[in-house]
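Reading the structure
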Amino acid sequence: MNSEKETFQSQNITSKSLFYRFSQFVGFLLGARVFVAALLTFALYVSTFFLFNQEESLRNFVFDFKVHGIIFCTVLCILAGGIINQFYDFEKDHLVKPFRTRVQSFIKQKYFLYAYLTLSVISLGVAWMISHRVFVFFLIYQFFMWFYSHKLSRILIVNNLTFVSLTLYPFFGMMVYYETFSMKVFLMAIFLFLMLLCIDIAKDTLTKSVDKAFGYTTIPNYFKSNTTKLILISLLIITMAVSMKIIARTNVWGFMSDYFAVGLFVFITCIYFLLNDSRRSKFITLNILRLWVFVGIIAMLLNGIESKL
């Protein structure tokens, strides 16, 4: 009888231990924002091969270990940035993202810091082996990712501009690496910058009361609701103008041409939802814009595959 009881207790402890380890693993993935890093990595590979790399063949690209090394360093920096950002936003995330915070509670914060330091050191080590210039590039990247989480994320307008700039920083690096400077790339960079800026401001509209409580000065909690709405609608109209400029003045074709054309109707839909001041409308607008960025990556991939065939 006692033997059966001990066996049951042992199995119960093992089950709890496995659940605890699994929860730690999921907590780390969420803390490091692995899914965001995976999406950015995919976007970086697609844009590098099909936009910045105009001359190199697929075979040469696959065996260009310097490019893979740079993208690997970028992924580690993004993971490290996600960890340090959640470390500084831990209290705010308790209210904004309760489920994620609950899962992350299975891991002590000091282990997140250890992971942050490890990822940062590995990234800089690999960058140093590639070249001194690449090392400096990622040193600057890591510094501003930390400085954004530590200070800049609380400063009006600077927080949005810095966040978007840091998101685009790796893409700018690849553009410089391949020396791909053209009107097409310039306009597409402006388009993506405006899209990400709209997404970041729309995200802030959903958390404005919590941001204000924790000392984050954002556009929605600094300006009146109508002013924030006007800013977002103005940015969307400018994005539409850039889309039309891309269609009219550059040689985009195929899936990318369709993407920018259909995008005009997508942005009009977003403006329609923004005119309705409900929280649900803001949430729908945010997710439409996020989805449209992802659709853009797929459109670039399909367009690139079609052009290579």
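These numbers were taken from a predicted model, which means no experiment stands behind them. (Residues numbered from 1 in each chain as written. Predicted model: local features only at pLDDT ≥ 70, side-chain atom pairs only at ≥ 80, totals over all residues. Heavy atoms only, no water.)

Moving on, we get to the overall build of the protein chain. A tally of regular secondary structure across the protein chain gives 15 helices and zero strands. Of the contacts formed within the protein chain by residues at least 6 apart in sequence, a portion of 77% connects residues at least 24 apart. For the protein chain, the computed accessible surface area is about 17,000 Å², with 69% contributed by carbon and sulfur atoms. (Helix = DSSP H or I, 4+ residues; strand = E, 2+ residues; numbered from the N terminus. Contact = heavy atoms within 4.5 Å. Areas by Shrake-Rupley, 256 points an atom, 1.4 Å probe, with all protein chains shown as cover.)

With that settled, the discussion passes to a nonpolar patch on the surface. On the surface, Leu39, Phe42, Leu291 and Phe294 cluster together to form a nonpolar patch covering roughly 340 Å² of accessible area. By secondary structure assignment, the location of Phe42 is in helix 2 (residues 34-52). With a relative accessible area of 30%, Phe42 lands in the partly exposed category. (Patch = residues over 30% accessible without salt bridge, like charges linked within 9 Å, V, L, I, M, F, W, Y side chains within 5 Å. Salt bridge = Lys/Arg side-chain N within 4 Å of Asp/Glu carboxyl O. Buried < 20%, exposed > 50% of the residue type's maximum accessible area, 1.4 Å probe, protein only.)

Moving on to the pattern of salt bridges. Summed over all chains, the structure comprises two salt bridges. With a closest N to O distance of 3.7 Å, Asp204 and Lys203 form a salt bridge. Look at Lys203 and you get partly exposed, because its relative accessible area is 30%. Through salt bridges that share partners, Asp200, Lys203 and Asp204 make up one connected network.

For the rest of this paragraph, the subject is the side chain of Thr239. As for its position among the elements, Thr239 is in helix 13 (residues 225-249). Those residues in contact with Thr239 that lie beyond four places of it in its chain are Phe191, Leu194, Met195 and Phe267.

Turning to empty space enclosed by the protein, a few remarks are in order. With the rule as written, the count across this model stands at two cavities of 30 Å³ or more. In this structure, the largest cavity encloses a volume near 130 Å³. Considering the residues around the largest cavity, the lining is formed by 13 residues, among which Thr205, Ser225, Thr228, Asp277 and Lys282 are closest to the centre. Broken down by secondary-structure element, the contributors of at least two residues to the lining of the largest cavity are helix 10 (183-206), helix 13 and helix 15 (279-308). Broken down by element, the residue count for the lining of the largest cavity peaks at four residues, all from helix 13. Counted by class, the lining of the largest cavity contains four nonpolar, five polar and four charged residues. Within this model, the second largest cavity holds a volume of roughly 30 Å³. (1 Å grid on protein atoms, 1.4 Å probe; cavity = no way out; pocket = protein on both sides within 12 Å on 5 of 7 lines; lining within 4 Å. Points joined across faces, edges and corners; volume = space filled by probe spheres on them. Nonpolar A, V, L, I, M, F, W, Y, C, P; charged D, E, K, R; others polar.)

Let us now look at the packing of helix 7 (residues 109-130) against helix 8 (residues 132-150). Here helix 7 crosses helix 8 at 155°, and the two axes come no closer than 6 Å. Compared by their axis directions, helix 7 and helix 8 come out roughly antiparallel. Two packed elements cross with a definite hand, and for helix 7 against helix 8 that hand is right-handed. Residues Tyr116, Ser120, Ser123, Leu124, Ala127, Trp128 and Ile130 of helix 7 form the contact with helix 8, whose own contacting residues are His132, Val134, Phe135, Phe138, Leu139, Gln142 and Trp146. Among the residues making up the contact of helix 7 with helix 8, the classes are represented as ten nonpolar, four polar and no charged. (Axes fitted to C-alpha atoms, helices over the stretch in contact; angles between N-to-C directions. Parallel < 35°, antiparallel > 145°, perpendicular 65-115°, else oblique. Left-handed = near helix turned anticlockwise from the far one by under 90°.)

To continue, consider the state of the cysteines. Under the defined criterion, the tally for this structure stands at zero disulfides. Cysteine Cys198 is unpaired, with the sulfur of Cys270 as its nearest cysteine sulfur at 8.4 Å. On the basis of relative accessibility, which here comes to 0%, the residue Cys198 falls in the buried class. (Disulfide = S-S within 2.5 Å.)

A few words on the confidence of the model for the protein chain. When the pLDDT values of the protein chain are averaged, the result is 82; 81% of them are 70 or greater. This model gives residues 22-28 a pLDDT under 50, and the stretch forms 13 contacts once residues within four places in sequence are excluded. (pLDDT = per-residue confidence, 0-100.)

Bringing helix 4 (residues 65-88) into the picture now. Counted at 1.5 Å a residue, the expected span for helix 4 with its 24 residues is 34 Å, and the 35 Å between its end C-alpha atoms agrees. For helix 4, the tally of buried residues reaches 18 of 24 residues, placing the bulk of the element in the interior. (Expected span 1.5 Å × (residues − 1).)

Turning next to the packing of aromatic side chains. Scanning the model with the defined rule gives 17 aromatic pairs in all. For the pair Phe191 and Phe260, a centre-to-centre distance of 5.0 Å together with 80° between the ring planes defines the contact as edge-to-face. In this pair, Phe191 sits in helix 10 while Phe260 sits in helix 14 (residues 254-275), placing the two residues 69 residues apart along the sequence. Comparing Phe191 with Phe260, the two get one shared label, buried. Taken together, Phe191, Tyr259, Phe260, Phe267 and Trp292 form an aromatic cluster joined through their ring pairs. (Phe/Tyr/Trp six-rings, centres within 6.5 Å; stacked < 30°, edge-to-face > 60°.)

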